[in-house]
Amino acid sequence: MRRLVSTLAALALAAAVPVAAAGSASAHEGDHHHVTTVWVKGDGSHVSLSRSHVDAGPVIFHQSTSNSGPGGSQISLFRLLGKATVNTFKADLAHEFSSNPATAAKGTRELNRDIRAAGLADVQKGYPASVRVNLRPGTYYLMDLGSFFGATGPSGAPNPALTRLVVRGTERDSAAWKDDSGWDTPTIWLTSADRFVGPSHLPADGSVTFRNVADTIHIAQFSPVKKGTTDAQVQAYYDSGVMTPPPFALNGPSFGLDVLSGGTHATLTYDMPPGTYVLQCFVADDVTGMPHAIMGMHKVVVLK
Ligand SMILES: [Cu+2]
């Protein structure tokens, strides 16, 4: 039971407290040469795109939400692998959000097998963000689980509307795609040991590249916390199993990178209030079903 209680506590921390909409992101991606841009708008349950086809290679998604609820927009971009269909994906997703840890663990194993996910972002109204990824040719889908998470975490099984994006093969030299390695951004590594590895100071207005070097999907959500909060305090909170909000939680906008598959990377560009945040992953462990955050996948970082 404690496991479930802790899961709910983790999700309560993930769900942001409503904040006044303010500010706007400025995404300075530098040289836009050969980089396709797509505008992505979510309303908490549906995704609309400025275009339905793009060429393979680097793509920048500029994402915003009209959902003023605490879940904002939590948008995933993925393609199906192997024999997976939209229906098998939805079944996997229902397993992932099961309150039964064994079922949630199965959901993660299924998603690792059935999809290749590349973000996108978790945003709140008034705080747009951009995600840059390299896309191979294929049919992709986008979904917005912002309303599903809402204020209290997931309840029941999601049945998201899926928006299609077709990525076309091109004559372009795929070696050119690797040009983004020249980007001078801080890097956070998401590891198989369920840890975030990287600098403890990040820009409040800038870009971070996330590299998932694990054999499982991860996410990277930033939630504001009180100055001086430590990872030991975060872990003690989870270990205590209490359901009350964490004493270190702060009101303010959360944001982050949505589901990223192992072996992939994405660059998140944002403009958020400076301060202390805790970076967390709430994917269910593929064996125990516990959210990675409870197993230690949290990292306090300062944005300035
Ligand atoms: Cu994780």
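Structure: above.
Parameters at a glance
Residues numbered from 1 in each chain as written. Predicted model: local features only at pLDDT ≥ 70, side-chain atom pairs only at ≥ 80, totals over all residues. Buried ≥ 20, exposed ≤ 12 C-beta atoms within 10 Å, placed from the backbone. Helix = DSSP H or I, 4+ residues; strand = E, 2+ residues; numbered from the N terminus. Pairing = 2+ DSSP bridges. Core = buried A, V, L, I, M, F, W, Y, C linked by C-beta atoms within 7 Å. Contact = placed C-beta atoms within 7 Å. Arc of directions from axis to C-beta. Axes fitted to C-alpha atoms, helices over the stretch in contact; angles between N-to-C directions. Left-handed = near helix turned anticlockwise from the far one by under 90°.

Student: Honestly, the pairing of strand β15 (residues 218-224) in this entry has me stumped. Any pointers?
Tutor: In summary, the side chains of a regular strand alternate between the two faces of the sheet. The buried count for β15 comes to 7 of 7 residues, which makes it a mostly enclosed element. Because side chains alternate across β15, one face comprises the buried residues His-218, Ala-220, Phe-222 and Pro-224, and the other comprises Ile-219, Gln-221 and Ser-223, equally buried. Here 4 bridges tie β15 to strand β16 (residues 255-260), and the two strands are oriented antiparallel to one another. Across the sheet, Gln-221 pairs through a bridge with Gly-256, a residue of β16. Taken together, the 4 bridges between β15 and strand β18 (residues 275-280) define a ladder with antiparallel strand orientation. Each bridged residue has a counterpart across the sheet, and for Gln-221 the counterpart in β18 is Gln-280.

Student: What should I look at first to understand the sheet that holds strand β2 (residues 47-49) in this one?
Tutor: Within a sheet, adjacent strands bond to each other through the backbone by hydrogen bonds, running parallel or antiparallel. Strand order in the open sheet made by the 8 strands is β2-β1-β4-β8-β17-β14-β11-β12, with mixed pairing throughout. Every interior strand has two partners, whereas the edge strands, β2 and β12 (196-197), have only one.

Student: I tried to follow the nonpolar core on my own but got confused; where do I start?
Tutor: Considering soluble globular proteins, one finds that nonpolar side chains tend to be buried as a cluster. Of all hydrophobic cores here, the largest spans 71 residues; its most connected members are Ala-121, Val-131, Phe-210, Ala-220, Leu-257, Leu-260 and Leu-268. When sequence neighbours within four positions are dropped, the list of residues in contact with Val-131 reads Phe-61, Gln-63, Gly-119, Leu-120, Ala-121, Leu-257, Ala-266, Thr-267 and Leu-268.

Student: Quick question: what am I supposed to make of the environment of Asp-285 here?
Tutor: Mapped onto the fold, Asp-285 is located in the loop between β18 and β19 (298-303). Along the primary structure Asp-285 and Arg-109 are separated by 176 residues, whereas in three dimensions their C-alpha atoms are 8.8 Å apart. Sequence-distant contacts of Asp-285, defined by excluding residues within four places in its chain, comprise Ala-105, Thr-108, Met-290, His-292 and Met-295.

Student: Would you mind showing me how to read the environment of Ser-48 here?
Tutor: Locating Ser-48 in the fold gives a position in strand β2. Residue Ser-48 is classed as partly exposed on the basis of its 13 C-beta neighbours within 10 Å. Placed 95 residues apart in sequence, Ser-48 and Met-143 show a C-alpha to C-alpha distance of 9.5 Å. If sequence neighbours within four positions are ignored, Ser-48 has contacts with Lys-41 and Thr-163.

Student: I would appreciate a short explanation of helix α5 (residues 231-240) in the present structure.
Tutor: Think of an α-helix as 3.6 residues a turn; residues three or four steps apart then line up on the same face. Buried within α5 are the following residues: Val-234, Tyr-237 and Tyr-238. Looking straight down α5, one finds its buried side chains confined to an arc of 95°; they lie on one side. Pointing more than 90 degrees away from the buried face of α5 are the exposed residues Ala-232, Ala-236 and Asp-239. Where α5 terminates, the next one or two residues include Gly-241, which has phi positive at roughly 75°.

Student: Where do I start with unusual backbone geometry in this structure?
Tutor: With glycine set apart, most residues show a phi of negative sign, and most peptide bonds adopt trans. A cis amide bond links Gly-119 to the next residue, Leu-120, at an omega of 10°. Counting through the fold element by element, Leu-120 comes out in the loop between β6 (115-117) and β7 (121-123).

Student: In this structure, what is going on with the packing of helix α2 (residues 86-96) against helix α3 (residues 101-114)? I would like to understand it.
Tutor: Helix packing for two helices is described by the angle between their axes and how far apart those axes are. Taken N-terminus to C-terminus, the directions of α2 and α3 make an angle of 145°; their axes are 7 Å apart at the nearest point. Viewed along their axes, α2 and α3 form a crossing whose handedness is left-handed. Between α2 and α3, the residues in contact are Thr-88, Phe-89, Asp-92, His-95 and Glu-96 and Thr-103, Ala-104, Lys-106, Gly-107, Thr-108, Glu-110, Leu-111 and Asp-114, respectively.

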